[in-house]
Amino acid sequence: MGKVQLTKIESYNNIDMIQTSINSMLDNSLLSKKLFDGAKVVIKTNLLMKKKPEQAVTTHPIIIECLANYFVKYNCEVIIADSPAGPFTKTSLEGIYEASGMVKAAQNSGATLNYNVSFSEVSPSDSMRLKTFNVIDVVKNADFVISAAKLKTHGMMTFTGAVKNLFGVIPGLIKAEYHFKLMNEENFAHHLIDIERYIKPDYSIIDGIEAMEGNGPSNGIKRNLGVLIGADNAYEADFIACDLVSIAFKLVPTLYLAESRNIFNKNEIVVEGLDYKALNIAPFKLPDSVDLTFLPKKTPAKLKEIIIKKLKAKPEFVHSKCISCGHCKRNCPANVISMVENKPVVNLKDCISCFCCHEVCPADAVNIKKSLLLKLLK
Ligand code: SF4
Ligand code: SF4
């Protein structure tokens, strides 16, 4: 039976309270019984892109600092790591660590920032989608991995938390390649589950003190929830995070597919520390991407595929906001974006609606446009 711990923390200024809460979560975790002197602990942080902590895109540095403090105290070697969107290079990491506050978090706690950009192939026997995939070596070689996620909505997966955070162990632009191979939401979710099964994070923390709703994970609306979530099991942490903000289970493929694979059981979760339902948090505004849950369950797969293709939301580029950085083009898995006179132009016919362009745009210049037909149907 899984245990999820929650704490109410109003602001990142309550550092003592955050430290006490994280200490208590980890003291009560299965991980605390396994730690040993000199263990290499990797804190897999959500660093998506070069954003400041107050933008609520990346895991807040105070959370990372308090996590690192805990493991440093137990004489562990602590490494803060992620492979954000874009190329996985030392230069790119330097900029993101600085902007996201990780430099200070590492200095204050005694953790180190990862600059090892090597990666290796793995072939887990129980993978359901990609039988072989690449994983960054810093995570592959860790004794323990902590998924330190941010609570946000996500254009393709509806929600991103402890499980989706692990997609950042796939090196740099290879992420786009996998997105393209997997094409649709459920294939991609199975791949995320395969990654989680390979990593099996030893503890998961979801930073929901300041979260993001609407068109997340980078250009949504910041929302103060004042909640920190911790769990031994990443799916259980995600399930409670979704329940907290009323994101329906059936809209989160990583959750309902993990349950169908018997990886977790939402009915066996025990919540400790906070009666979160009593907080009466208003439901999260969902991304504008497609919600096809109105389709009858028994819709034949082929028909469903055709309908989805017709009704899916598509990206819309707002040239007046665009700063011509080219990130959307470089990160487009389907390679359907061209730069014409320094502005992106998309071939929507071959677009797979993954919204990577929306996710990586630093200027909020990519909208998620709902299909008119879907609006009429709903
Ligand atoms: S245009 Fe955007 S949504 Fe379409 S495939 Fe490329 S990155 Fe994905
Ligand atoms: S749409 Fe966004 S990501 Fe693409 S070039 Fe313009 S600013 Fe850059």
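Rules behind the numbers
- Residues numbered from 1 in each chain as written.
- Chains lettered and ligands numbered in written order.
- Predicted model: local features only at pLDDT ≥ 70, side-chain atom pairs only at ≥ 80, totals over all residues.
- Heavy atoms only, no water.
- Core = buried A, V, L, I, M, F, W, Y, C linked by side-chain atoms within 4.5 Å.
- Buried < 20%, exposed > 50% of the residue type's maximum accessible area, 1.4 Å probe, protein only.
- Domains from an automatic or database assignment.
- Contact = heavy atoms within 4.5 Å.
- Near = heavy atom within 4 Å.
- Nonpolar A, V, L, I, M, F, W, Y, C, P; charged D, E, K, R; others polar.
- Buried area = accessible area lost by both parts, 1.4 Å probe.
- Helix = DSSP H or I, 4+ residues; strand = E, 2+ residues; numbered from the N terminus.
- Pairing = 2+ DSSP bridges.
- Salt bridge = Lys/Arg side-chain N within 4 Å of Asp/Glu carboxyl O.

**Re the nonpolar core**
Counting 114 residues, the largest nonpolar core has Leu 67, Phe 71, Leu 151 and Ile 229 as its most contacted members. Of the residues that make up this core, three or more belong to each of domain 1 (3-279) and domain 2 (301-377). Setting aside chain neighbours within four positions, we find Phe 71 in contact with Leu 26, Leu 31, Leu 35, Val 41, Cys 76, Val 78 and Ile 146.

**Concerning the site of ligand 2**
As a matter of local geometry, ligand 2 sits amid 15 residues, with Cys 322, Cys 325, Gly 326, Cys 328 and Cys 361 nearest to it. Partitioning the shell around ligand 2 into residue classes produces 12 nonpolar, three polar and no charged.

**Quick look at the domain arrangement of the protein**
When its domains are assigned, the protein resolves into domain 1 (3-279) and domain 2 (301-377). Taking the mean C-alpha position of each, domain 1 and domain 2 sit 26 Å from one another. Every contact between the two is made by 20 residues of domain 1 and, on the other side, 17 residues of domain 2. Both sides together, the interface formed by domain 1 and domain 2 hides about 1500 Å², and carbon and sulfur atoms give 58% of it.

**Examining the pairing of strand E5 (residues 119-122)**
Side-chain alternation along E5 places Ser 120 and Val 122 on a buried face and Phe 119 and Glu 121 on a face that remains uncovered. Pairing of E5 with strand E6 (residues 133-136) involves four bridges; the strand directions are antiparallel. Among the inter-strand pairings, Phe 119 is bridged to a residue of E6, identified as Ile 136.

**Regarding the pattern of salt bridges**
Under the defined criterion, the tally for this structure stands at 16 salt bridges. Across the salt bridge formed by Lys 8 and Glu 10, the nearest N and O atoms sit 3.3 Å from each other. Owing to a relative accessible area of 44%, Glu 10 belongs among the partly exposed residues under this scheme. The shortest N-O distance in the salt bridge between Glu 259 and Lys 266 comes to 3.0 Å. Of the residues examined, Lys 266 reaches a relative accessible area of 24% and is grouped as partly exposed.

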